[in-house]
Amino acid sequence: MILRSCVLILALAICSALKSVLLSRFSSLYTPEFMAHIRAFLMPPSNTGRLVYSGTAMSHFREDSPKSRGEQRRRARYDSKQKMKELQVAFGLGSSTLLELDRDGTTTISIEKALSEECDILYVDGGNTFYLQKAMNDLTFWQVALPALEASGAVYFGASAGAICAGSTIKTALFKGWDDPYANGAIDKTYIWDDVTFKGPSLSAPVFPHYDPSLHGALIEEQMAAWLPQEGPIVAIADDEAYISGTEAEPYLWCSGSAEVAQPRLFTHG
């Protein structure tokens, strides 16, 4: 059932002091009203700093591709750089840095450095949730990222996979069956997915992006009972919505279609 409860919303508000914007996709929210809202309530007064962008969720190779792994990697890096520049312009930031969590040479030290130097926004994009989660697990990403972002006052933006990986667990990525847990061969089959490796930093409750009320209400209730019998609520986010937390207000949804603020859409047991 969907439950809009002040108690549950308060519980969501204390997950983290980090300012975060979780969404299904950025393109459907790229409106003057949304950008004005972000600048007014989340960004520093003079946001001429830097965007750190991660397209890691989209960068894994596919065993069934006719292209070599090297060719796939180069294409993924090119696409990430293009998206990074687009977002830098959209946010009006002075510079940008590409953060490849699955690249040889990326370490906790390089992550901390990237997030500490005038970083205004960390934007983690969508793709295969499991591939992104494993890369984050391998680098103990959140243990480094959370203190760095909170110290700088930067905003975490997570789109689709980037939103799911910011929640308390990524098990919601199993609900639709869209993502292969072994990323089409990019993750070794010996890797164990369990409550520990599914675990996220709890910037929010578990996140269900790309929510469509005509398709997903019963699905969420069914899968929630199967995968999260002891946990709740789940935050469902439609493609034209952003779930915003870490401001002085309680967590809320920004609805791009109506340019209005609404209470989060929460699914609970029972």
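Let us look at the structure shown here. Once a new chain begins, its residue numbering starts again from 1 and follows that chain's sequence as written. Confidence filtering applies because this is a predicted model: local features only for residues at pLDDT of at least 70, side-chain atom pairs given and counted only at 80 or more, and all residues used for totals across whole chains, interfaces and linings. Remark: hydrogens and water are excluded; side-chain values derive from all non-hydrogen atoms of the structure.

Ranked by internal contacts, the top residues of the largest apolar core, which has 49 residues, are L101, L115, L122, F141, W142 and Y156. Helix and strand labels come from DSSP, where a helix needs a run of H or I of at least four residues and a strand needs a run of E of at least two; each type is numbered from the N terminus. The set of elements that each furnish at least two residues to this core consists of α4 (108-116), β4 (119-124), α5 (129-138), α6 (141-152), α7 (161-164) and β9 (252-255). The biggest single contributor to this core is α6, with seven residues. Working rule for contacts: check all heavy atoms of both residues, and any pair within 4.5 Å makes them a contact. Not counting residues up to four positions away in its chain, the partners in contact with L122 are V52, L99, L115, F141, L149, V155, Y156 and F157. Within this scheme, the nonpolar core is defined by two criteria: the residues are buried Ala, Val, Leu, Ile, Met, Phe, Trp, Tyr or Cys, and they are joined through side-chain atoms within 4.5 Å. Only protein chains enter the calculation, and the probe is 1.4 Å; a residue is then buried if its accessible area is under 20% of its type maximum, exposed if over 50%, and partly exposed in between. Listed in part, the 25 residues of the second largest apolar core include I121, V155, A159 and A242.

Okay, the pattern of salt bridges next. For side chains of opposite charge, pairing can occur when their charged atoms come near one another. The term salt bridge refers to a pairing of a side-chain nitrogen on Lys or Arg with a carboxyl oxygen on Asp or Glu at a separation within 4 Å. Within this structure, the stated rule accounts for ten salt bridges. Where D79 meets R75, a salt bridge forms, and the shortest distance between an N and an O atom there is 3.2 Å. Of this pair, D79 and R75 both sit in helix α3 (residues 69-91), four residues apart, which is roughly one turn of the helix. What makes D79 partly exposed here is its relative accessible area of 36%. For R265, the salt bridge goes to E241, with nearest N and O atoms at 2.8 Å. Here R265 is found in the loop between β10 (260-262) and β11 (266-267), whereas its partner E241 is found in strand β8 (residues 241-245), with 24 residues between them in sequence. Here the two residues R265 and E241 agree in accessibility, since each one is buried. Look at the salt bridges and you will find they share partners, linking R73, R77, E100, D102 and R103 into a network.

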